Every structure is written in C-alpha cells, then in structure tokens.
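# Architecture at a glance
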Amino acid sequence: MDISEVPYRCYYEPLAAPHDADPDYEYFQPTLATASVWSSDMQHGGPPSGLLMRAMMRAVPGDGQEFTRVTTEIIGSVGLGVNRVRTSIPRPGRRISMVQADLEAQQPGGEFRLVARSVAWRLLASDTTAVENTPHEPLAASPDELTQIVGFPVEDEDAVPWGKVGFIGTTVTARQPGRKGHTPSLWLRPAIPLVLGEQTSHLESIFTVLDVANGIGTRLDPRDWSWMNMDTTVHLTGQPSTPWLGIDAELAIGPRGYGATFADLYDVTGFLGRSAQTDLIAAQR
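Let me sum up the structure you'll find in this document. Note on numbering: residues in each chain are counted from 1, in written sequence order. For a predicted model such as this one, the threshold for reporting local features is a pLDDT of at least 70, and the threshold for listing and counting side-chain atom pairs is 80 or more; totals across whole chains, interfaces and linings nevertheless cover every residue. Calculated side-chain values reflect all of the structure's heavy atoms, with hydrogen atoms and water omitted.

### Concerning the overall build of the protein chain
- Helix numbers and strand numbers start at the N terminus; a helix is a DSSP run of H or I with at least 4 residues, a strand a run of E with at least 2. Across its full length, the protein chain holds 3 helices and 14 strands.
- A globule of 285 residues ought to have a C-alpha radius of gyration of about 19 Å, and the protein chain, at 18 Å, matches this closely.
- Each principal axis of the C-alpha atoms in the protein chain carries an extent, and together these give about 55 × 55 × 45 Å.
- Per-residue accessibility, obtained with a 1.4 Å probe over protein chains only, is compared with the maximum for each type, and a residue is labelled buried under 20%, exposed over 50%, and partly exposed between these values. Residue burial in the protein chain is summarised as follows: out of 285 residues, 50% are buried.
- When checking whether two residues touch, look at their non-hydrogen atoms; a contact exists if any pair is within 4.5 Å. Considering only contacts within the protein chain whose residues lie at least 6 apart along the sequence, 67% involve residues at least 24 apart.
- For the protein chain, the accessible surface area stands at approximately 13500 Å², while carbon and sulfur atoms represent 51% of it.
- Averaging the coordinates of the 22 positive side-chain charges in the protein chain and doing the same for the 34 negative ones gives two points 5 Å apart. The reference for a compact globule is 2.2 Å times residues^0.38; the radius of gyration itself is calculated from the C-alpha atoms. A 1.4 Å probe and the Shrake-Rupley method give the accessible areas. Residues count as covered only by the protein chains that appear here. The positive count covers Lys and Arg only, the negative count covers Asp and Glu only, and His and the chain ends enter neither. Every charge is mapped to an atom, namely NZ of Lys, CZ of Arg, CG of Asp or CD of Glu.

Pasting the structure below:
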C-alpha cells in the first residue's frame, strides 16, 4: 500500500470568512477528494458528514458527555463550491444535550443553500462495565492483520468493484469475510486529513468514511443500478479508539424503488454500534 498515490492533501481547505460574513459560520473549499462515485460534480456523503462532526465537536464544552446518536440528512446536492458550516445547541443539559450543525453550499448565483444537517444526542459518560453487553464479538481480524489497499478492490466477486473512483480513492481499506450474506466486511480510514493543517480526530475519521456502508452492503452493479442514500443515522455504544472503522453492512431492497442499509459497526477493540440509511433504488438503463 502506498499512501503517496493519493493525489490530494485534504478534503477541505479552510477559508477566511468574507468581510461582511455572519461570524457564526466557518468557510471551506472542498477539494476533488470529496467527489461522489455517482457524479464528479458533487460531494460524496462521507466528507460532509465528517465536517459536520468536526463542527459539533468544537461547539460543545468538555463536560464529560459523549456523542451517542448522530443523524445526518443530505438535503440537497453538496456542491464543490465554497461550503460553510455553523452550529447550535437546541437542547443544553448537564446529563443529556443535543447539538446541531448545518452545512450550506454556495450556488452559481453566489447565494448559499442548506444542503446537509447533522443532529446529535450527547449523554454523560459513566462506568457501566459491570453490565456491559454487546450483540457481536469483535471482527475476526484487525486491519493490521489484513492486506491494506488504497480504495476498494477491483477484482472482488463479493463486492462492488469501486476501485479508486472519487472519494473512494482517498480511503485505506482492509477486507475480510462479512457476517451478513455474501458481502464482505471492511475496515476503513481516511488516507488524508479532513481539514488542511489539522489532526483528524478518531470521531471525525469514522464519520468521514461511515457513509459508504450502502456501497459495502450490496452486490448490485452500478452500471445497472444506483442506490443513493439521503440520510445516515448512527447509534454508538462507545467511542472509537483509532481512526479505523469496521463496517459489516447489508442493503435490503423492497419492491417499490427504495430500500435501507443496515450495518454493524466496529472499533478495533470490538462492537461500536449500528447505522441505518435510506436508499433510493433506481435503474440506470
């Protein structure tokens, strides 16, 4: 594996706010590292999710609470023009709180449009090791015990051969047999920083790659079908200890043009939580 083959330095470059800008916003220039597998004119859902997590982490105090549930809604196409982010705390509290982050993308006319939003519950951490219970054992092998590559496999009969298309080509992956049918489980982490000049936190890292669950959990051929998601909801039972996220996913498709992706999530230490995504299923031909 050669990380130097990734031709980008980061997903976002920070920008100075315009002189008349609302001081509540941070401004960013997305790089082509954020590009979607479905269209090079819009961002993959992963990097915006990571950027929204970064914003929420910076908005909350060091009060002992931890992120336990995060829902990200993709409200519109997240363009590659200037992006800006702001946060709010709709529900403050000492044991339970809610934080929200909005991402707006600049449109061709110069105006900004809301394109993504994350809302998170945070709970006060305490010692519950005496009653700890997880539904699954850790994945059989850690990423360090597997072959790691940049991007997704291109010759893999059990998974979609994404290769290095767009954002996918900026991830480091390690594959092993999955626990849900015929699709593999994957370890993933970003190969580059989320924001130029910053150290990406473990939580930012896993939210940057988590959106790919619907691509891991299916064997559909993207030349025949698309399965774009417009949301991701994550329930965590702990906090990540490294940048690696293990995803074991399954895409369920109904007869009416939509489906849902359900995934078990893993840290290198064991089970980390679950995610769910709503997917629009559409024929490409």
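### So, the environment of Met228
- For Met228, the location among the structural elements is in strand β10 (residues 225–229).
- Taking the C-alpha atoms as reference, Met228 lies 10.0 Å from Val37; in sequence the two are 191 residues apart.
- Non-local contacts of Met228, meaning those with residues more than four positions away in its chain, are made with Trp38, Met42, Asn214, Thr278, Asp279 and Leu280.

### A few points about the pattern of salt bridges
- Just to be clear on terms, a salt bridge is a Lys or Arg side-chain nitrogen sitting within 4 Å of an Asp or Glu carboxyl oxygen. In the structure shown here, the tally under the stated rule is 10 salt bridges.
- The salt bridge involving Arg54 is made with Glu26; its shortest N-O contact spans 3.0 Å. Of this pair, Arg54 sits in helix α1 (residues 46–59) while Glu26 is found in strand β2 (residues 26–30), placing the two residues 28 residues apart along the sequence.
- The salt bridge partner of Arg58 is Glu198, with a shortest N-O separation of 3.2 Å. You can see Arg58 sitting in helix α1 and its partner Glu198 sitting in the loop between β9 (185–190) and α2 (202–209), a full 140 residues away along the chain.
- Its relative accessible area of 25% is what places Glu198 among the partly exposed residues.
- Counted as one network, the salt bridges with shared partners bring together Glu26, Arg54, Arg58 and Glu198.

### Remarks on the pairing of strand β12 (residues 245–253)
- Paired strands, as defined in this entry, are two strands with at least two bridges between them according to DSSP. Bridging between β9 and β12 involves 3 bridges; their strand directions are antiparallel. Following the sheet pairing, Leu186 is matched in β12 by Ile247.
- Direction of pairing for β12 relative to strand β13 (residues 258–267): antiparallel, over a ladder of 8 bridges. Across the sheet, Glu250 pairs through a bridge with Phe262, a residue of β13.
- Taking the residues between adjacent antiparallel strands as the criterion, β12 and β13 are bridged by 4 residues, where Gly257 takes a positive phi near 90 degrees.

### Digging into the nonpolar core
- As used here, the term nonpolar core means buried Ala, Val, Leu, Ile, Met, Phe, Trp, Tyr and Cys residues forming a set that is joined through side-chain atoms within 4.5 Å. Counting residues in each nonpolar core, the largest one holds 60 residues, and the members touching the most others are Phe67 and Ile247.
- Broken down by element, this core gets its largest block of residues, 5 residues, from α1.
- Setting aside residues no more than four positions away along its own chain, Ile247 makes contact with Pro184, Ser185, Leu186, Leu188, Val209, Leu210, Val212, Ala213, Ile216, Ala263, Asp264 and Leu265.

### Some words on the side chain of Thr171
- Along the polypeptide, Thr171 turns up in strand β8 (residues 171–176).
- Classification of Thr171 as buried rests on a relative accessible area of 0%.
- Within polar-contact distance, the side chain of Thr171 engages the backbone oxygen of Ile168 at 2.8 Å.
- Ignoring sequence-local partners within four residues, the contact set of Thr171 consists of Ile149, Val150, Gly151, Phe152, Arg189, Ala191 and Val209. Pairs of N or O atoms are called polar contacts if they sit within 3.5 Å, as long as, within protein, a hydrogen donor faces a hydrogen acceptor (for residues adjacent in sequence, only side-chain-to-side-chain pairs).

### A look at the packing of aromatic side chains
- Two rings belonging to Phe, Tyr or Trp (six-membered ring only in the last case) form a pair when the distance between their centres is within 6.5 Å. Interplanar angles under 30 degrees mark stacking, angles over 60 mark edge-to-face geometry, and anything in between is tilted. The full count for this structure, using the stated rule, is 6 aromatic pairs.
- On the basis of an interplanar angle of 50 degrees and a centroid distance of 5.6 Å, the ring pair of Tyr11 and Phe167 is categorised as tilted. With Tyr11 in the segment before β1 (12–15) and Phe167 in the loop between β7 (148–150) and β8, this pair connects stretches of sequence that are 156 residues apart.
- The class for Tyr11 is buried, based on a relative accessible area of 0%.
- Measuring from ring centre to ring centre gives 5.8 Å for Tyr266 and Phe271, while their planes differ by 85 degrees; the resulting arrangement is edge-to-face. A single burial state applies to Tyr266 and to Phe271, both of which are buried.
- An aromatic cluster is built from Tyr25, Tyr27 and Phe112, whose rings are joined through pairwise contacts.

### Observations concerning the pairing of strand β14 (residues 270–283)
- Bridge count between β10 and β14: 5 bridges; the pairing is antiparallel. Paired with Met228 across the strands is Leu280, a residue of β14.
- Note: strand β11 (residues 231–236) against β14, 4 bridges, orientation antiparallel. Its bridge partner lying in β14, Thr233 is registered against Ala276.
- The pairing of β13 with β14 spans 10 bridges and is classified as antiparallel. Looking at β14, one finds that Thr261 is bridged to Gln277.
- Taking the residues between adjacent antiparallel strands as the criterion, β13 and β14 are bridged by 2 residues.

Geometry only, nothing functional implied.
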